[in-house]
Amino acid sequence: MKFSVTFFLSLLALVLVTGSAFSQTIPKEELIFLTSEWKGERFPDGRPKIPDNLIERAKKIGIDDAWTVLKNEGYLNQFEGGWKYIHDDVVIAGRAVTAMFMPSRPDVEKNIKDRGISKQGRKGNTNTWPIETLTKGDVYVADGFGKIGGGTLVGATLGNAIFSKTGNGVVFNGAARDLQELQNIKGFNAFVRDFHPSFLEEMVLMGLNSPIRMGNTMVLPGDLVIAQREGVLFVPAHMAEQVVTTCEFVTRKDQFGFEMVKSNRYTTGQIDSQWTDDIKTEFLIWLGQHPELGTMTRAELDKVMSKRTW
């Protein structure tokens with residue numbers, strides 16, 4: 001995939017101006033600026049910190065419903081399909097830690113490694129540096145410019161290291177190796193462009209927790225990543241609660257509606273339009289009889305019904 005020359009030069013300038021306090025990372029002030037709609041807690045580097053309980057809830061929602069909420073709010077470029085994955089029944093949900101890789105060139109790679117290893121105490125090849133920053137609930141999202149042969153950003157060793165830090169999986173616009181061993185990491189999943197037996201070569205890290213492009217999407221550090229069989233949805237951090245809450249309601253509404261229609265209590269037209277007070281009251285009584293679906297107050301119900309974005 002091709003990158004914007006302007007974006008790359010801007011990113012490089014930002015790194016140089018700030019004295020390169022953290023290798024390849026954009027300044028905290030810039031990250032806060034780009035994610036200014038987020039009003040919640042942040043990590044020390046400025047990355048939005050979506051609450052753990054919201055991430056757990058996100059694992060149970062439908063990606064189709066979540067996509068619809070975003071689309072109806074004007075977020076049209078948040079979904080990317082066409083992946084291969086290890087497990088079709090292991091959902092990935094978490095906060096994005098982003099990495100941007102480029103084809104290597106000797107002078108640039110030498111300077112980056114000299115600065116990172118000699119002056120900042122980093123270890124190993126640059127593809128391991130993003131892993132050092134991972135915490136529980138993170139999803140490592142890397143743009144490896146679609147490289148397959150020699151583009152294997154994760155194998156068995158790194159897969160185990162990533163999972164031990166995050167309890168989560170990865171999304172790579174690149175490749176993975178050691179498929180059999182990766183399958184043995186219970187709870188781990190990887191969404192990649194392909195699998196390949198080669199080792200990583202001729203790639204260098206040019207951005208860490210910076211904006212990246214994943215296919216037709218822009219991904220920012222801290223975005224809520226939801227990866228299911230259909231593909232990967234990148235939810236802006238400030239939209240995460242609205243998306244999850246609305247999707248949870250849609251799930252409840254659908255189950256309630258199925259029962260009401262089957263019993264001839266209400267018609268599909270009544271269920272799929274704005275509800276009357278009687279339907280709302282009956283829904284809340286029904287929800288109380290299904291504790292596995294969670295709880296909802298009348299005020300919360302009125303709010304989600306007031307602006308239909310699903």
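As shown above, the structure is provided for reference.
Residues numbered from 1 in each chain as written. Predicted model: local features only at pLDDT ≥ 70, side-chain atom pairs only at ≥ 80, totals over all residues. Heavy atoms only, no water.

Caption draft 1: Here's a closer look at helix α12 (residues 298-306). Restricting attention to buried positions, one finds in α12 the residues L301, V304 and M305. The buried residues of α12 occupy one face: seen down the axis, they fall within an arc of 100°. Turned more than 90 degrees away from the buried face of α12 sit A299, K303 and S306, all of them exposed. On its buried side, α12 packs onto α9 (240-262) and α11 (277-288). (Buried < 20%, exposed > 50% of the residue type's maximum accessible area, 1.4 Å probe, protein only. Helix = DSSP H or I, 4+ residues; strand = E, 2+ residues; numbered from the N terminus. Arc of directions from axis to C-beta. Contact = heavy atoms within 4.5 Å.)

Caption draft 2: Highlighting the environment of P211. Among the secondary structure elements, P211 is positioned in the loop between β10 (203-208) and β11 (212-214). The spatial distance from the C-alpha of P211 to the C-alpha of T98 is 7.2 Å, given a sequence separation of 113 residues.

Caption draft 3: Region of interest: the packing of aromatic side chains. Counted under the stated rule, the structure contains 10 aromatic pairs. Arranged with centres 5.8 Å apart and planes meeting at 75°, the rings of F249 and F283 form a pair that is edge-to-face. Of this pair, F249 sits in helix α9 while F283 sits in helix α11, and the two are 34 residues apart along the sequence. Classification of F283 by relative accessible area gives buried; the value is 0%. Ring pairs connect the aromatic residues F249, F256, W275, F283 and W286, which therefore count as one cluster. If you follow R47 out to its NZ or CZ, it ends over the ring of F43, 4.2 Å from the centre. Above the face of the F199 ring, R177 is positioned so that its terminal group lies 4.0 Å from the ring centre. (Phe/Tyr/Trp six-rings, centres within 6.5 Å; stacked < 30°, edge-to-face > 60°. Lys NZ or Arg CZ within 6 Å of the ring centre and 35° of its normal.)

Caption draft 4: Highlighting the sheet that holds strand β5 (residues 152-154). Pairing in this open sheet of 3 strands is parallel, and the strands run β5-β7-β9 from one edge to the other. Because the sheet does not close on itself, it has two edges, and the strands there are β5 and β9 (194-195). The pairing of strand β7 (residues 175-176) with β9 spans 2 bridges and is parallel. Paired with A175 across the strands is D194, a residue of β9. (Pairing = 2+ DSSP bridges.)

Caption draft 5: Region of the structure containing the pattern of salt bridges. This structure, assessed with the given rule, holds 19 salt bridges. For K84, the salt bridge goes to D194, with nearest N and O atoms at 2.9 Å. Here K84, found in strand β2 (residues 84-85), pairs with D194, found in strand β9; they are 110 residues apart in sequence, far enough to count as distant. With a relative accessible area of 24%, D194 lands in the partly exposed category. (Salt bridge = Lys/Arg side-chain N within 4 Å of Asp/Glu carboxyl O.)

Caption draft 6: How the structure looks around the nonpolar core. Core analysis: the biggest nonpolar cluster contains 43 residues, and Y140, V141 and V171 have the highest contact counts within it. In contact with Y140, not counting residues within four places along its chain, are V97, A99, F101, N127, P130, I131, L134, I162, G169, V170, V171 and F172. Residues I50, I55, L70 and I226 belong to the second largest nonpolar core, which totals 21 residues. (Core = buried A, V, L, I, M, F, W, Y, C linked by side-chain atoms within 4.5 Å.)

Caption draft 7: Expanded view of unusual backbone geometry. With phi around 45°, F145 is a residue other than glycine that occupies positive phi space. Here F145 lies in the loop between β4 (138-143) and β5. The exposure class assigned to F145 is buried, which follows from its relative accessible area of 16%.

Caption draft 8: Structural detail: the packing of α11 against α12. One can describe the packing of α11 onto α12 by two numbers: an axis separation of 11 Å at closest approach and a directional angle of 125°. Relative to α12, α11 is oriented oblique. Regarding α11 and α12, the two cross each other, and that crossing is right-handed. Note on element contacts: α12 touches α11 through R298, L301, D302 and M305, opposite D277, K280, T281, F283 and L284. Partitioning the contact of α11 with α12 into residue classes produces 4 nonpolar, 1 polar and 4 charged. (Axes fitted to C-alpha atoms, helices over the stretch in contact; angles between N-to-C directions. Parallel < 35°, antiparallel > 145°, perpendicular 65-115°, else oblique. Left-handed = near helix turned anticlockwise from the far one by under 90°. Nonpolar A, V, L, I, M, F, W, Y, C, P; charged D, E, K, R; others polar.)

Caption draft 9: The pairing of β4, seen in detail. Of all 6 residues making up β4, 6 are buried, and the element is well covered by its neighbours. One ladder, built from 6 bridges, connects strand β3 (residues 92-103) with β4; its direction is parallel. Bridge pairing in β4 links T98 to V141.

Caption draft 10: Inspection of the packing of α9 against α11 at higher detail. The contact between α9 and α11 brings their axes to 11 Å, and the two run at 100°. Compared by their axis directions, α9 and α11 come out roughly perpendicular. Residues F249, R252, K253, Q255, F256, E259 and M260 of α9 pack against I279, E282, F283, W286 and L287 of α11. Broken down by class, the residue content of the contact of α9 with α11 amounts to 7 nonpolar, 1 polar and 4 charged.

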